[in-house]
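Below, each chain spelled out in residue letters.
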Amino acid sequence: MAVCGAACAAALPDIFLITVDTLRADHLGCYGYPVNTSPTIDALASRSLLFEDFVCDVPLTAPSFGAMFTSQYPRLNGNVRNGLPLPDRPAYLPELLHDVGYQTFCVQSNWTLKRDLSRMDRGFDEYDDSFSTKRWGIAVSERPGDDVVERALELLARRDPAKPLFFWIHFSDPHAPYKDHREFHRDTQRIPKNDRAAQTRARYDSEVAFTDDCIARVMEKLPRENAFVVFLADHGESLYEHGYVGHGRRIYHDNLRVPLLISGPGISPLRTKAPARGIDIAPTILGLLGMAPVQGMLGTDLIKAPPAHDRVRVVETYGGAVLRLPGARALMTSQPPGKIGVIVGPWKLIIDGSRTELFNLETDPGELKDLSRAEPDRVQHMRSFAEQFESTYPRRKEVKAELSNEDIEALKSQGYLD
Ligand SMILES: [Zn+2]
């Protein structure tokens, strides 16, 4: 493709990657949620290939996107926590697209994805991360959806019509703290005032509905001709399940299972149960353009080579952000993952040091009934996949974090430094 020049590049389709931070699949109508949080996303789903079983590689913003765009596990590219920059070496989707003639735009909204912290601006003509921690005198770490829409539409109007466009638009509203968008609070009357968990979920849902409305305002301006829309989230959120609120430290499915929709030329609307994961995103987007994955990419093209039902998916998490004190930060490179998960078919094993939990996701999607004592052979078999993963993919340790005081303040307000 690179050899056929500008005329060839102009024929390439536009790609709009619309992503929402902290968005659980099961809080969207198209994934079965009974509350009307997502009319726009549901309409998009009705003309998309919808992946029912898409999990992030790690439930943290920068490491999850880093894995998607390099098609490498966080332990391999070194980006295992928020605040650790992505190294220059692994091939990076936005840069690959830029190299074949794409104009590349991004509107960013999460502090952890700022260029100085994440180095994820590689290959972008415009990487707009120009929001500050101070808004009306209050420290915030995310850019509100209305601002994302405004900036995205400004950039869209400035696109070069002679070039195909890759545009990553990232919304962060469902990330904590959850604002109460009263006009999007669709179930208020039914929630008892003293039910804290239900109140929290309602506020979270109002953030999702608000984001959905913002997406509608972007979607109506996007070209439909010769354009793909890929919609996904970086990780989910625990909303009092297993006694936890947030993400990053646990790997139950409320943190891992996120939406993935792909629509565009030649894609039939369909629902698939193919076991997908974050590292598949770069090979899949390259495949939409007729390009093969580059060397070092470990994911699969979900459309050309859908993974089999018994695919082994190993995920892990190392905790929230990098540590606050430089000395403690240096020790992180030798720390093992906090938790490892192995998913094969309906089975999921969670390894937390010497403790294990085994769940059948088909019969127990809430992961409430630990079967590890009842099925010791299965535990052993699944544990061997984790051991194999650790020995096949040694952890890269040379990545160093450099945090400004403002970064520390922003990460703290997101609940990562505690
Ligand atoms: Zn995130």
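Look a little higher up for the structure.
Residues numbered from 1 in each chain as written. Predicted model: local features only at pLDDT ≥ 70, side-chain atom pairs only at ≥ 80, totals over all residues. Heavy atoms only, no water.

Colleague: Any chance you could explain the sheet that holds strand β16 (residues 339–344) here in plain terms?
Modeller: Strand pairs in the sheet, formed through backbone hydrogen bonds, run parallel or antiparallel to each other. Across the sheet, which stays open at both edges, the 4 strands sit in the order β15-β16-β17-β18 with antiparallel pairing between neighbours. At either margin of the open sheet sits one strand with a lone partner, and together these are β15 (312–317) and β18 (355–360). When the angles between neighbouring strand axes are averaged without regard to direction, this sheet yields 15°. Here β15 pairs with β16 via 6 bridges, running antiparallel. Bridging across to β16, V312 finds its partner in V344. Of the strands in this sheet, β15, β16, β17 (347–352) and β18 touch helix α12 (residues 376–392), which is tilted by about 65° from β17. (Pairing = 2+ DSSP bridges. Helix = DSSP H or I, 4+ residues; strand = E, 2+ residues; numbered from the N terminus. Axes fitted to C-alpha atoms, helices over the stretch in contact; angles between N-to-C directions. Contact = heavy atoms within 4.5 Å.)

Colleague: Hey, could you run me through empty space enclosed by the protein in this one?
Modeller: Unfilled space is identified by rolling a water-sized probe across the atoms. Counting across every chain of the model gives 2 cavities of 30 Å³ or more. Looking at the second largest cavity, its volume works out to about 30 Å³. Lining the second largest cavity, in full, are D57, Y73, P74, R277, V314, V315, E316 and F389. Partitioned by chemical class, the residues of the lining of the second largest cavity number 5 nonpolar, no polar and 3 charged. (1 Å grid on protein atoms, 1.4 Å probe; cavity = no way out; pocket = protein on both sides within 12 Å on 5 of 7 lines; lining within 4 Å. Points joined across faces, edges and corners; volume = space filled by probe spheres on them. Nonpolar A, V, L, I, M, F, W, Y, C, P; charged D, E, K, R; others polar.)

Colleague: Would you mind going over the sheet that holds strand β12 (residues 260–263) with me for this structure?
Modeller: Read from one edge of the open sheet, 8 strands run β5-β4-β8-β1-β9-β12-β2-β13, paired in mixed fashion. Edge positions in the open sheet fall to β5 (126–128) and β13 (270–272), since each of these has one partner strand only. When the angles between neighbouring strand axes are averaged without regard to direction, this sheet yields 10°. In this fold helix α2 (residues 39–46) packs onto β2 (49–51), β9 (227–233) and β12, with an angle of close to 55° to the strand it touches most, β12. Where helix α8 (residues 196–219) meets the sheet, its contacts fall on β1 (14–20), β8 (165–171) and β9, and the angle it forms with β8 comes to roughly 160°.

Colleague: Any chance you could explain the coordination of the zinc ion here in plain terms?
Modeller: Those donors, D21 (OD), T61 (OG1), D234 (OD) and H235 (NE2), are the protein atoms that reach the zinc ion, and they lie 1.8 to 2.1 Å from it. Its 4 donor atoms give the zinc ion angles of 102 to 125° at the centre, a pattern that matches the tetrahedral case. Spacing between the donor residues of the zinc ion along the chain follows D-x39-T-x172-D-H. Note that D21 is positioned in the loop between β1 and α2 and H235 in the loop between β9 and β10 (238–239), a separation of 214 residues in sequence. By relative accessible area, which is 0% here, D21 ends up buried. Using a relative accessible area of 0% as the deciding quantity, one classes H235 as buried. (Donors = N, O, S within 2.8 Å, 3.2 Å for Na, K, Ca; no water. Tetrahedral: all angles 85-135°; square planar, octahedral: opposite > 155°, others 65-115°. Buried < 20%, exposed > 50% of the residue type's maximum accessible area, 1.4 Å probe, protein only.)

Colleague: Please clarify how the packing of α2 against α8 should be interpreted in this entry.
Modeller: Geometry of a packed helix pair, given as the angle between the helix axes and the separation of the axes. Taken N-terminus to C-terminus, the directions of α2 and α8 make an angle of 55°; their axes are 7 Å apart at the nearest point. Taken as axis vectors, α2 and α8 run oblique relative to one another. Mapping the contact onto sequence places P39, T40, I41 and L44 in α2 and D212, I215, A216 and M219 in α8. Residues that form the contact of α2 with α8 fall into these classes: 6 nonpolar, 1 polar and 1 charged. (Parallel < 35°, antiparallel > 145°, perpendicular 65-115°, else oblique.)

Colleague: Explanation requested: the environment of G264 in the structure shown.
Modeller: Along the chain, the position of G264 falls in the loop between β12 and β13. On the basis of relative accessible area, G264 is assigned to the partly exposed category, the value being 23%. In the structure, G264 is positioned 39 residues away from E225 in sequence and 8.5 Å away in space, judged by C-alpha atoms. Apart from residues lying up to four places away in sequence, G264 is in contact with A227 and F228.

Colleague: Hey, could you run me through the side chain of T272 in this one?
Modeller: Positionally, T272 belongs in strand β13. Reaching out from T272, the side chain makes a polar contact with the backbone nitrogen of A274 at a distance of 3.0 Å. Excluding anything up to four places from it in sequence, T272 contacts L49, L50, F51, E52 and D53. (Polar contact = N/O pair within 3.5 Å; in protein donor to acceptor, adjacent residues only side chain to side chain.)

Colleague: In this structure, what is going on with the pattern of salt bridges? I would like to understand it.
Modeller: Note on pairing: side chains with opposite charge can pair once their charged atoms come close. Under the counting rule described, the total for this entry stands at 23 salt bridges. Note that R158 and E126 form a salt bridge whose closest N and O atoms lie 2.5 Å from each other. With R158 in the loop between α7 (145–157) and β8 and E126 in strand β5, this pair connects stretches of sequence that are 32 residues apart. A relative accessible area of 47% means that R158 is categorised as partly exposed. As a salt-bridge pair, E154 and R151 come within 2.7 Å of each other at their nearest N and O atoms. Residue E154 and its partner R151 are located together in helix α7, separated by 3 residues, close to a single helical turn. A network of salt bridges, in which partner residues are shared, links D128, R143, R151 and E154. (Salt bridge = Lys/Arg side-chain N within 4 Å of Asp/Glu carboxyl O.)

Colleague: Just to check I follow, could you spell out helix α3 (residues 61–70) for this structure?
Modeller: What sets the pattern is the α-helix's 3.6 residues per turn: residues three or four places apart point alike. Of all 10 residues in α3, 10 are buried, a share of seventy percent or more. Among all positions in α3, only T61, A62, P63, S64, F65, G66, A67, M68, F69 and T70 are buried. Two residues or fewer past α3, S71 is found with a positive phi of approximately 55°.

Colleague: What is the right way to look at a negative patch on the surface in this model?
Modeller: A cluster of acidic side chains, namely D146, E150, E183 and D213, defines a negative patch on the protein surface. Tracing the backbone through its elements, the reader meets E183 in the loop between β8 and α8. In this structure E183 comes out as exposed when scored by relative accessible area, which is 60%. (Patch = residues over 30% accessible without salt bridge, like charges linked within 9 Å, V, L, I, M, F, W, Y side chains within 5 Å. Areas by Shrake-Rupley, 256 points an atom, 1.4 Å probe, with all protein chains shown as cover. Lys, Arg positive; Asp, Glu negative; His and termini not counted. Charge placed at Lys NZ, Arg CZ, Asp CG, Glu CD.)

Colleague: Even after reading the chapter, I still don't get unusual backbone geometry, so can you show me in this structure?
Modeller: For residues other than glycine, phi is negative in most cases, and the peptide bonds are mostly trans. In this model, A176 is joined to P177 through a cis peptide bond whose omega is 0°. Mapped onto the secondary structure, P177 falls in the loop between β8 and α8. Of note in this structure, R119 is not a glycine but carries a positive phi near 55°. The partly exposed category is assigned to R119, whose relative accessible area is 41%. The phi dihedral of E367 is positive, around 50°, even though this residue is not glycine.

Keep in mind these values describe shape, not function.
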